[in-house]
Amino acid sequence: MTNAIELAGVDKTFGRVTALRGLNLDVRAGELTALLGPNGAGKTTAINLMLGLGAPTAGQVSVLGGNPRRDDVRRRIGSMPQESAIPLALTVREAVTLFSHFYPAPLAPDHALALADLGGVAGRRAGALSGGQKRRLAFALAVVGNPEVLLIDEPTTGMDAQSRLAFWAAVSELKDAGRTILLTTHYLEEAERAADRVVVMNAGAVLADGTPEQLRSQAGGARVRFTSDLVLAELQRLPGVDTAQIDSHGHADLRTRTPEALLHHLFGQGTPFSELEVSRASLEDAFLVLTAPATTLSDKDVIA
Amino acid sequence: MTSPTAQTTAQTAARTAALPAPARSARRAPRLPALGALALAELRRMLRNPMFAVGTIGFPVIFFSLFGLGAVNEVTDQGFKVGPLILVNFGAYSLLSLAMFSFGSAVALERTGGWLRLLRASPMPTTLYFAGKLLAALAFSALSLGILYTFAHFVGGVTIPVGTALLLLIKLLLGMIPLTLLGLCIGFLVSPTAAQITANLVSVIMSFASGLFTPLDQMPAFVQKVAPFLPAYHLGAVARGTVVGQSSGEATHWLALAAFTVIFGALAAWGLRRDEAREQ
């Protein structure tokens, strides 16, 4: 599969602040890639470079094989920025029609409105829309040029459940049509469900990169919680335990890749325990493990 | 707005079939329709904001009726009728305030609200955004001047011959360009809240100090000294000279307006680049 976006050894500094540090990131064509990371990780800076809004301090940025600062590349990119950048005095349809004039082969404005599920409010002023509708208008502006690559920054922030549903339906339709989508989000369960691939950034560089399943398994396959009389040393001796924590009430919290073997052993040795809870590690667990400050990672071997 | 899930699903199914393959043609979107769409959007923005129309059409008419109507039939020491002179002064004031609000406070909002950034990420050159704004401002100015003249004509009995009026319109709109650039400087260098106040202050204070509200010879001496350093003073002088048919000295005023165009243009360009660098 070819790469739609390639960032190679990219540095970006603003004065004395380093936003990106030797960032290497390839986004494969036709995939939905979720870019995750704590605030200040450099996600938005990376997207701005892919949009050609700025030039890297060092390294190469290439989108669809060209420099995104060139108009012939830009006309194949759609952008939905973090802030709801919409002209408040225009109606929804007027705004989308205006933007369609900037592209050589745009979608019909009504098509873009339908994709964003805005058909019902097409005649309403953008300034009078709800927060979620404003975000969907920003999405309609991003897709009306019929782009091959969509760069979406925090799409669902401020969206209600209905807007979110409409948004993900449209995104999966675009993905089915072969479009490349890169999005950042704080909602990890959404990324887990929709993304082909997850890239975790921290401090301006890539920390982890893989399918949601791969990242989950990096975090330790499962979380086993129960209450017993076992002390920490005994918990750590249980088979297959990667990490173990215990609080003063005897609540144990274990991470293991083999929860079945662990439970088998626990039953076998006849330890009385209660409040058993077994859950698969979520992407959120993986994310927290990956982006946790280094000091608390001392007993972890999960970083690939 | 509610849409049942069944309906959403049906729409989704319909959309999938319709999504056309992205165009890989090398051609770019035609510039002229895009410029027209940008100018139209800008005009809509102006017409739909009541406060904008009040500031750029209402105030000049109100000021004219308060300060001008009583004196339209007087004659100056040089033997010129006062009516047309007052009228063009308030016309120049109208252009000044339009330039300050449309290019000052509006740009400040569009810049910080992300709209300008989104346009920058689109394949359209940013110059088209400014060109569309300028076109809309000129069209709106023509409308505003037309309303002011209609009011002065029917209520105050002020008449300017058609030929002179058209020449005046062209000169006023041409002379408005440095004012729009001054507006852009405010838009790029001042925060949105401050830009609103700055636009107000600049348009009122500069109008007074340029002799648009009161003849300069009735103003304090220091104001008379400062006036030549204000673009609105030269625009007013060009307009008054045209309406009384005296073009001597007009070249000097145009030269001054050209100099302001260069200075404000350079400052606005610097502000634009500073803004781009910050957004990156």
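Data block above holds the structure.
About the thresholds
- Residues numbered from 1 in each chain as written.
- Chains lettered and ligands numbered in written order.
- Predicted model: local features only at pLDDT ≥ 70, side-chain atom pairs only at ≥ 80, totals over all residues.
- Helix = DSSP H or I, 4+ residues; strand = E, 2+ residues; numbered from the N terminus.
- Buried ≥ 20, exposed ≤ 12 C-beta atoms within 10 Å, placed from the backbone.
- Contact = placed C-beta atoms within 7 Å.
- Pairing = 2+ DSSP bridges.
- Expected span 1.5 Å × (residues − 1).
- Bend = angle between axes of the 7 residues up to and from the residue.
- Axes fitted to C-alpha atoms, helices over the stretch in contact; angles between N-to-C directions.
- Right-handed = clockwise from strand over helix to strand, strands pointing away.
- Nonpolar A, V, L, I, M, F, W, Y, C, P; charged D, E, K, R; others polar.
- Core = buried A, V, L, I, M, F, W, Y, C linked by C-beta atoms within 7 Å.
- Parallel < 35°, antiparallel > 145°, perpendicular 65-115°, else oblique.

(A) Main features of the overall build of chain B. If you tally the helices and strands in chain B, you get 12 helices and 0 strands. Starting at the N terminus and walking to the C terminus, you meet the elements of chain B as α-α-α-α-α-α-α-α-α-α-α-α. Dimensions of chain B along its principal axes, counting C-alpha atoms only, are 80 × 40 × 35 Å. Burial analysis of chain B (280 residues in total) assigns 43% to the buried set. By sequence separation, contacts in chain B at least 24 residues apart represent 78% of the contacts at least 6 residues apart.

(B) Focus on the pairing of strand β12 (residues 251–256) of chain A. With 6 bridges connecting them, strand β10 (residues 222–228) of chain A and β12(A) associate as antiparallel partners. By the bridge assignment, Ala222(A) is partnered in β12(A) with Thr256(A).

(C) Focus on helix α4 (residues 82–112) of chain B. Residues and elements named next belong to chain B. The terminal C-alpha atoms of α4, which comprises 31 residues, lie 44 Å apart, in line with the 45 Å expected from a rise of 1.5 Å per residue. At Ala-106, α4 shows its largest kink, close to 30°. The buried fraction of α4 amounts to 28 of the 31 residues, a majority that puts the element mostly inside the structure. Phi turns positive one or two residues past the end of α4, at Gly-114, with a value near 95°.

(D) Up close: the sheet that holds strand β8 (residues 197–202) of chain A. All names here are of chain A. Read across the open sheet, the 6 strands follow the order β5-β6-β7-β3-β8-β9; overall the sheet is mixed. Single-partner strands in this sheet number two, and they are β5 (77–80) and β9 (205–210). Taken over all neighbouring pairs, the strand axes of this sheet differ in orientation by 15° on average, direction set aside. For strand β3 (residues 32–36) and strand β7 (residues 180–184), the ladder comprises 4 bridges, and the chain directions are parallel. Bridging from a neighbouring strand, Thr-33 pairs with Leu-182 of β7. Docked against the sheet, helix α5 (residues 131–143) engages β5 and β6 (149–153), running at close to 170° with respect to β5.

(E) Structural detail: the sheet that holds strand β11 (residues 241–246) of chain A. Residues and elements named next belong to chain A. Read across the open sheet, the 4 strands follow the order β11-β12-β10-β13; overall the sheet is antiparallel. Because the sheet does not close on itself, it has two edges, and the strands there are β11 and β13 (273–280). In this sheet, neighbouring strand axes are inclined to one another by 15° on average, regardless of whether the strands run parallel or antiparallel. Packed onto the sheet, helix α10 (residues 259–268) meets β10, β11, β12 and β13 and runs at close to 20° relative to β10.

(F) Expanded view of the pairing of β7(A). Residues and elements named next belong to chain A. Within β7, 5 of the 5 residues are buried, leaving the element largely enclosed by the surrounding structure. Every second residue of β7 is oriented toward a common face, with Thr-180, Leu-182 and Thr-184 on one face and Ile-181 and Leu-183 on the other, all of them buried. Once the chain exits β6 it traverses helix α6 (residues 161–176) before rejoining the sheet at β7, and the crossover so formed is right-handed.

(G) Summary view of the interface of chain B and chain A. Across the boundary between the two partners, chain B contributes 38 residues, which contact 39 residues of chain A. Going through the elements one at a time, α1 (5–18), α2 (31–48) and α5 (115–121) of chain B are the ones with two or more residues in the side of chain B that touches chain A. Considering every element that reaches the side of chain B that touches chain A, the biggest residue donor is α2(B), with 8 residues. In terms of residue class, the side of chain B that touches chain A is built from 18 nonpolar, 11 polar and 9 charged.

(H) Fine view of the nonpolar core. The biggest cluster of nonpolar side chains holds 170 residues, and the ones touching the most others in it are Ala95(A), Leu137(A), Ala140(A), Leu141(A), Val143(A), Ala92(B) and Ala99(B). The biggest single contributor to this core is α4(B), with 17 residues. Other than its neighbours up to four places away in sequence, Leu141(A) contacts Ala95(A), Val96(A), Phe99(A) and Leu118(B).

(I) Up close: the packing of helix α7 (residues 162–175) of chain B against helix α11 (residues 231–244) of chain B. Residue and element names in this part refer to chain B. In contact at an axis separation of 10 Å, α7 and α11 are set at 170° when each is read in the N-to-C sense. Classed by the angle they form, the pair α7 and α11 counts as roughly antiparallel. Taken together, the residues of α11 that come into contact with α7 (itself represented by Thr-164, Leu-167, Leu-168, Lys-171, Leu-172 and Gly-175) are Leu-235, Val-238, Ala-239, Thr-242 and Val-243. Residue composition of the contact of α7 with α11, grouped by class: 7 nonpolar, 3 polar and 1 charged.

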